[in-house]
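# Residue-level structural notes
Now for the letters of each chain:
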Amino acid sequence: MRFADPKNDIAFKKIFGDENKTEVLISFLNSILDFKDSKIIKSVTIVNPYQIPQLKDYKNTVLDIKAKNQDDEEFIVEMQVQKDSHFAKRSLYYSAKSYVNQIKKTVDYPKLKKVYFIGILNFSIFDNDSYISRHLILDEKSLKQELKDLEFNFIELSKFNLELSSCDTLAKKWIYFIKNAQNLELIPKEYENIKEFIIAFESAKIYEWSKEELDIYDYVFMQEGKRLSELETAKMDAKMEEKINIAKNSISQGLDNNTISMITGLNIKQIEDLR
């Protein structure tokens with residue numbers, strides 16, 4: 001049995017954004033946001049439910065998840081694989097835009113509902129060891145949360161290194177699932193009696209996907225491989241340019257080819273071509 005990688009855009013949206021399987025998203029949100037008692041989400045409406053995107057339209061397809069709970073509070077969930085140094089600012093922008101778009105007239109301010117942002121990152125963004133963090137607007141002196149309508153949560157997968165046997169909460173189990181599902185052959189016993197996880201694993205069974213879904217799934221990975229290859233090529237080009245500049249400098253100082261070769265790693269012919 002092969003499970004899809006939930007970090008892949010199309011897989012993430014299929015697993016967590018299916019309007020017919022909202023219990024998966026509800027479980028994820030309740031556990032990650034640590035909702036209890038009256039805060040527990042009982043129902044969600046997925047504003048942009050999962051639909052199989054066409055390959056030709058994929059670049060213009062938004063694959064984050066936007067949902068509302070029974071109190072009309074809004075939730076934005078985004079999976080980000082590629083390292084983005086501006087992701088924190090982007091999360092502020094998306095959340096603020098979602099907040100503002102709730103009303104059309106200024107007199108409707110009282111109708112504004114809280115927006116929760118959850119970013120799941122395949123890289124580190126903050127300079128600490130915590131794999132999950134919650135960011136609130138607090139008073140500088142009292143540390144009281146008087147402004148409550150925006151909340152930002154970040155899961156940094158690169159910092160999550162727990163074994164499944166050590167995942168003693170639903171939140172940890174969800175993070176483990178997102179990071180490791182593609183490496184599992186069977187549904188682990190730790191998930192067997194939890195309905196929402198069974199549904200998630202069923203959605204992730206890649207051999208049951210349509211050809212269109214598989215095409216997009218593979219395309220996402222190919223694009224990521226291409227991006228990494230281009231990044232590596234750019235690094236190599238920058239290193240070569242640095243070597244050439246050092247070699248030119250050395251030539252102008254009258255150094256011989258052998259010495260320049262030892263300094264830069266360039267071969268004799270490359271150095272001769274620069275003379």
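Residues numbered from 1 in each chain as written. Predicted model: local features only at pLDDT ≥ 70, side-chain atom pairs only at ≥ 80, totals over all residues. Heavy atoms only, no water.

### Focus: the overall build of the protein
Helix and strand content of the protein: eight helices and six strands. Listed by position from the N terminus, the elements making up the protein come as α-α-β-β-β-α-β-β-β-α-α-α-α-α. The proportion of buried residues among the 275 residues of the protein is 42%. In the protein, the proportion of contacts linking residues at least 24 apart, taken out of those at least 6 apart, comes to 63%. Element-wise, carbon and sulfur atoms account for 51% of the exposed surface of the protein, whose accessible area totals about 16,100 Å². (Helix = DSSP H or I, 4+ residues; strand = E, 2+ residues; numbered from the N terminus. Buried < 20%, exposed > 50% of the residue type's maximum accessible area, 1.4 Å probe, protein only. Contact = heavy atoms within 4.5 Å. Areas by Shrake-Rupley, 256 points an atom, 1.4 Å probe, with all protein chains shown as cover.)

### A few points about the nonpolar core
Core analysis: the biggest nonpolar cluster contains 44 residues, and Phe16, Phe28, Leu29, Val77, Ile118, Ile120 and Phe177 have the highest contact counts within it. Where this core is concerned, the elements lending two or more residues are α1 (9-16), α2 (22-32), β1 (44-46), β2 (65-69), β3 (74-80), β4 (115-121), α4 (170-180) and α5 (195-203). Look past the residues within four positions of leucine 29 in its chain and what remains in contact with it is Asp34, Ile41, Val44, Phe75, Val77 and Ile118. Ile76, Val115, Phe117 and Phe154 belong to the second-largest nonpolar core, a separate cluster that totals twelve residues. (Core = buried A, V, L, I, M, F, W, Y, C linked by side-chain atoms within 4.5 Å.)

### A look at α2
Across the eleven residues of α2, ten count as buried, placing the element largely inside the fold. When we look at burial in α2, the residues that qualify are Thr22, Val24, Leu25, Ile26, Ser27, Phe28, Leu29, Asn30, Ser31 and Ile32. Among the residues trailing α2, aspartate 34 stands out with phi positive, at a value near 55 degrees.

### Some details on the pattern of salt bridges
This structure, assessed with the given rule, holds 15 salt bridges. A salt bridge links aspartate 34 to lysine 36, with the nearest nitrogen and oxygen atoms 2.4 Å apart. With a relative accessible area of 46%, aspartate 34 lands in the partly exposed category. Look at lysine 36 and you get partly exposed, because its relative accessible area is 49%. Residues glutamate 151 and arginine 134 are paired through a salt bridge, measuring 2.9 Å at the closest nitrogen-oxygen approach. Of this pair, glutamate 151 sits in strand β6 (residues 147-156) while arginine 134 sits in strand β5 (residues 132-137), and the two are 17 residues apart along the sequence. By relative accessible area, which is 6% here, glutamate 151 ends up buried. Salt bridges sharing partners connect three or more residues here, namely Glu78, Asp84 and Arg90. (Salt bridge = Lys/Arg side-chain N within 4 Å of Asp/Glu carboxyl O.)

### As for the pairing of β4
Most of β4 sits out of view: seven of its seven residues are buried. The sheet contact formed by β3 and β4 spans seven bridges and is parallel. Along β4, the bridge assignment pairs glutamine 80 with leucine 121. Where the polypeptide runs from β3 across helix α3 (residues 87-100) and back to β4, its parallel neighbour, the crossover connection is right-handed. Relative to β6, β4 runs parallel, the two sharing seven bridges. Across the sheet, the residue bridging to tyrosine 116 is glutamate 151, located in β6. (Pairing = 2+ DSSP bridges. Right-handed = clockwise from strand over helix to strand, strands pointing away.)

### Describing the environment of leucine 170
You can see leucine 170 is positioned in helix α4. Separated by 138 residues in sequence, leucine 170 and isoleucine 32 have C-alpha atoms that sit 8.1 Å apart. In contact with leucine 170, not counting residues within four places along its chain, are Ser27, Ser31, Ile194 and Phe197.

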